[in-house]
Amino acid sequence: MPQPRAPRFLTLFSLSNPNPNPIRPHQTYLRTIFDGTFKLVRDRGLDHAVGREKNLKPLLSLKNLIKLEPSKSLPVSLLKRSLDLPFRPVEFVRKYPSVFEEFLPAAAAAAHPNVRLTARALHLDAEEQLVLQSDRLKRRAADRLLKLLMIARVHKLPLPLVDRLRWDLGLPPNYAETVVPEFPDRFRAADGFLELVCWSHELAVSVFENRNGKGKGELGFPLVFPVQFSNGFEMDKKYEKWLREWQKLPYVSPYENVSHLKGSSDESDRWVVGVLHEILHVFVGKKIEKDSLLEFGEWLGLRSRFKRALLQHPGIFYVSSKVGTYTVVLKEGYKRGSLIEDDPVVNLRNQYVHLMNSVREESKASKVVQGKGGVDESDAKGVEGRGEGDGESVEEREEEAREVEDASETDVDDDEKRSWRGGRDIAPGRRGRDFVKVKFDVDKPLRDSRRERSPLRDSRRERLHSLEVSKRRQVRGARKDVENTPERSRSSKSSRRLLTSKKTPVL
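Because the structure is a prediction, the values reported are computed rather than measured. Starting afresh in each chain, residues are numbered from 1 along the sequence in its written order. The model is predicted, so local features are restricted to residues of pLDDT at least 70 and side-chain atom pairs to those at 80 or more, both for listing and for counting; the totals for chains, interfaces and linings are taken over all residues. The basis for every side-chain value is the complete set of non-hydrogen atoms in the structure, without hydrogens or water.

Q: Outline the pattern of salt bridges, supporting the account with residue identities and numerical values.
A: Oppositely charged side chains can form a pair if their charged atoms are brought close together. A pairing counts as a salt bridge when a side-chain nitrogen of Lys or Arg comes within 4 Å of a carboxyl oxygen of Asp or Glu. Counted according to the given criterion, the structure contains 22 salt bridges. Across the salt bridge formed by Glu101 and Arg116, the nearest N and O atoms sit 2.9 Å from each other. Taken as a pair, Glu101 in strand E2 (residues 100-103) and Arg116 in strand E3 (residues 114-117) lie far apart in primary sequence, 15 residues in all. With a 1.4 Å probe rolled over the protein chains alone, any residue whose accessible area is under 20% of its type maximum counts as buried; one over 50% counts as exposed, and the rest are partly exposed. A residue is classified by how much of its surface remains accessible, and Arg116, at 34% relative accessible area, is partly exposed. A salt bridge links Arg144 to Asp343; the shortest N-O distance between them is 2.8 Å. Here Arg144 is found in helix H7 (residues 135-151), whereas its partner Asp343 is found in the loop between strand E11 (338-339) and helix H16 (344-406), with 199 residues between them in sequence. By relative accessible area, which is 4% here, Asp343 ends up buried. Through salt bridges with shared partners, a single ionic network connects Arg140, Arg144, Lys286, Glu341 and Asp343. Here a strand is any run of E in DSSP of at least two residues, a helix any run of H or I of at least four, and the numbering for each starts at the N terminus.

This is the structure in structure tokens:
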């Protein structure tokens, strides 16, 4: 009896719902945890974007510390106690002479050397202060803070966590005194927390929603995340099918209240990816150290789910280990290793990076020029030195080898004599040294030997013939001594056998 009532209830329910694809919290589309395996590959462009800012943070920290001193300088002995550097401060200062310079104070002759900023570093610091004090930068920094507060749990963040995210948010060092008090209608600092004061509906729209049109990111509207796989990434059919089905899931805004969604549902997992995507977009460099990101995720209660999202979506997020630590990069924020979005804070950092590497690039260029000149001169001297003694013999040997191949009218005995003379025309006392030189010379100037092959071969043959006649007279005396030695006689016999096996008499 109950069987005919069940389809009637389903029919009425479907007619009363205007949406043909209703989204319910208990509905399950697919298993969002991909249980397959794939090999991660390195992205050279993103690794370069991460590695080029190596040592930039400690450099700027030391610069700001020197500026706080009344004398605008700091003794070298106090650097280790003032900064927590993973290396010796003196080596760090001397590594970047375009930013720091050492000097001896004039007050005491036996004083320790001090460190101060160079004129170029002071000029760039003055530009930085103008940018940091501008109203435009303060407003953009306030927007980033407001976005994080609206995403955060209970809409507040601990001040130590904000301090750790300060570099990625592009905040000035004294943001608590310059940025926070100027926007009392947005947030406030109280009891060690940065609290949200007023919700902004204008800023509570993700970058993903703005890109696809405002108002389209409501619950249930499917949006596709941009995916960019690195070169060499091999995607099997199983992962491709899973990713295609995952992209069909409805997009949930990171600013949406998802308390009605189960933590194990597909919509909840896709919402976590959207939160991670929006957080990385808020940061000025579209990247952050993995430890800082996971600490922020722990405050949100999403630490383990952030880890899973980074592993399952290598086409959206990239984890680089370039600078000795793991850095999470948003792939769509970069193109060919360069940041797409223009930001004044990032532009300032690029100028500091250029200043850091300017002296090293000049020194490298000078070393390369000097090295090339030194090599050329040494090679030239070596060639000249060898040319006086052994250079002619090498050329004669090469030309004699070609002459033996071309002269078909000569008999086998003459060929054997020429080849034997070409390999044994050196004195016994200079055997080892001359053999090394001959081998080096024969391997190196092959291009020159090809260039010397010209239509003047006939005239050269005549000249070589006359040289050969004179050389026979010189070698005739040394030949008897060579034949008397047992080792040399064996080697000569073996060489003759090889030559006779390679050459066939011309009939």
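Q: How would you summarise the sheet that holds strand E4 (residues 156-158) if you had to cite specific residues and measurements?
A: Neighbouring strands of a sheet are bound in pairs by backbone hydrogen bonds; such pairs are parallel or else antiparallel. Read from one edge of the open sheet, three strands run E4-E6-E5, paired in antiparallel fashion. Strand pairing shows two members of the sheet lacking a second neighbour, E4 and strand E5 (187-190), which therefore form its edges. Neighbour to neighbour, the strand axes of the sheet diverge by 20 degrees on average, direction disregarded. Strand direction decides the pairing type here: E4 and strand E6 (residues 193-196), joined by three bridges, are antiparallel. Within E6, the residue paired with Leu157 across the bridge is Leu194. Two strands qualify as a pair provided that DSSP identifies no fewer than 2 bridges between them. Where helices are involved, their axes are fitted lines through C-alpha atoms of the stretch in contact, as for all axes, and angles between N-to-C directions lie from 0 to 180°.

Q: Give me the packing of helix H14 (residues 290-300) against helix H15 (residues 303-312): which residues, what numbers.
A: Put simply, H14 and H15 touch, their axes get as near as 7 Å, and they point 135 degrees apart. Judged on the interaxial angle alone, H15 and H14 are oblique. Each of Lys290, Leu293, Leu294, Glu295, Gly297, Glu298 and Leu300 in H14 lies in contact with H15, whose residues at this interface are Arg303, Phe306, Lys307 and Leu310. The cut-offs work like this: below 35 degrees is roughly parallel, past 145 is roughly antiparallel, 65 to 115 is roughly perpendicular, and the gaps in between are oblique. Whether two residues are in contact is decided by their heavy atoms: any pair within 4.5 Å suffices.

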